[in-house]
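Residues per chain are reported as follows:
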Amino acid sequence: MREIYNWRVFFMRRRPWKIGIKQQYLLGYIFISLIPVIILSAFYVYFNGIKMKDDIENSIMLKLAQVQSRIEHGIKEMEIASVHFSDKKDLIQNYKNNGLNEISQQLQLYKDNISIASDVMIYLCGEDFFFNIDGIVKYEELERYVGKDNSLTMSRFFSTINNAQIAFVPLVKLYPNHTQYGNLIVYKLPIPNFEQSPLASMLFIVHVEDIFEIIVNYIGELNGYVFIYDDNLNLIYSYDNYGKLNSDAMISELAKIKGTGILHRTYEGRRFVLARQISERLGFSFVIGIPHSEFYSKINHTLKNFVLLVITTVLVLAIISVVMSIKNYKPIENLLDHLLPDGKDRIIEAPRVHYNEFEQLANIYNNMKMQNSKLASIVNQQKIYVRQI
């Protein structure tokens, strides 16, 4: 028996990779249950992550397009109003002869029907007064109205509203403390349209709160920036709900960027995702800047929960694999314990962890068969001896 043990130990040293039935059961269950789960989960995370990324990017571009369309629509309404009033230019020339009431009524009508204009005014070029829905107001009141909290000098403003060009007057900056800066935007159109020497300028006053409301309605209150530039890259609207960067520097940098769609940039060591779109009709640039981690937070949250679910599933399957391998191995272990009772023959069990139990059972069976043959031979010899006696 000692010789058999020595031979098997030598054999197992020659094949250290051999594993027992219990380990084979365990590895089998792991390959059947865990490996497919892990592979499928990896594919899901990869492809679903790509799909979610595309969905988020397409969603923000769609929302930005809706903001652009909404603002374009409001500006189109202003242009229609200016064309309509150009046909009534005689009212301005005859405002002293009962034309004032009709001018006020027309301005009230435009104000009620233009979606983003808070007020509508008409300035008679070269004069020191303007018309609004209340009648005639001194020009000084207009300067006080538009001159609050903006960097545009009143001489430039006066020059702008007296020329023949269509112009946006950007009276907007960034406020500190994560809010908006400035109080209004003026869109100026000549009356009559397309004349070298206009009679008057039609002024549409747009408060930044109206632009902000459009952004919130379509995009929501995002933790980032919104900038709108005119066709000359002058800033006409800005919104800062992040407040951690040099706003003036960022405004300048974003005005210079090229391309549309989703762009990735780094400012002051912080990664940002930019959504940029250009209005073909107006030439305006619409830019949204959101911190990278904030922009893709939904992906990170969803995949994090999925990974936790996969880890939980893997742990459960691993426990089930261990339990099933122990359960299926139990009959073999009982048989070995039955065939290898305590005693000298137990030495055969010593290297069990290193080799296949079926081989051990075969070895035990061969030993028993050899022992039976020896016993049978001894019995036969004894029978011959008894007969001779």
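Our subject is the structure listed above.
Heads up: these notes are all about the structure in this document. (Residues numbered from 1 in each chain as written. Predicted model: local features only at pLDDT ≥ 70, side-chain atom pairs only at ≥ 80, totals over all residues. Heavy atoms only, no water.)

1. What to know about the side chain of S201
- Along the chain, S201 falls in strand β6 (residues 200-207).
- Taking relative accessible area as the criterion, S201 reaches 0% and is therefore assigned buried.
- Leave out the neighbours within four places in its chain, and S201 touches M121, I122, Y123, C125, I161, N162, N163, K188 and L189. (Helix = DSSP H or I, 4+ residues; strand = E, 2+ residues; numbered from the N terminus. Buried < 20%, exposed > 50% of the residue type's maximum accessible area, 1.4 Å probe, protein only. Contact = heavy atoms within 4.5 Å.)

2. Re unusual backbone geometry
- Of note, the amide linkage connecting I191 to P192 takes the cis form, showing an omega dihedral of -10°.
- Tracing the chain through its elements places P192 in the loop between β5 (180-191) and β6.
- Its identity is not glycine, yet L233 carries a phi of approximately 65°, on the positive side.
- Tracing the backbone shows L233 in the loop between β7 (225-229) and β8 (235-240).
- Look at L233 and you get partly exposed, because its relative accessible area is 40%.
- Phi at E268 takes a positive value of approximately 50°, unusual for a residue other than glycine.
- Tracing the backbone through its elements, the reader meets E268 in the loop between β9 (261-267) and β10 (270-278).

3. Quick word on the environment of V307
- For V307, the position within the fold is in helix α10 (residues 297-339).
- On the accessibility criterion, V307 (38% relative accessible area) is partly exposed.
- Along the chain, V307 and A42 lie 265 residues apart, while their C-alpha atoms are 9.4 Å from each other.

4. Regarding the pattern of salt bridges
- Tallying each qualifying case throughout the model produces three salt bridges.
- A salt bridge links E57 to K53; its shortest N-O distance comes to 2.9 Å. Here the residue E57 and the residue K53 both occupy positions in helix α2 (residues 21-86), the gap between them amounting to four residues, near one helical turn. (Salt bridge = Lys/Arg side-chain N within 4 Å of Asp/Glu carboxyl O.)

5. Some words on the sheet that holds β7
- Read from one edge to the other, the open sheet built from five strands follows the order β8-β7-β11-β10-β9, with strand pairing classed as antiparallel. The two strands at the open ends of the sheet, each matched to only one other strand, are β8 and β9. Strand-to-strand twist of the sheet, defined as the mean angle between neighbouring strand axes without regard to direction, takes the value 20°.
- When β9 meets β10, the two strands line up antiparallel, connected through seven bridges. Each bridged residue has a counterpart across the sheet, and for H264 the counterpart in β10 is V273.
- Against the sheet, α2 contacts β7, β9, β10 and β11 (285-291), and its axis sits at roughly 45° relative to β10.
- Contacts from helix α7 (residues 208-218) reach β7 and β8, with the element oriented near 60° to β8. (Pairing = 2+ DSSP bridges. Axes fitted to C-alpha atoms, helices over the stretch in contact; angles between N-to-C directions.)

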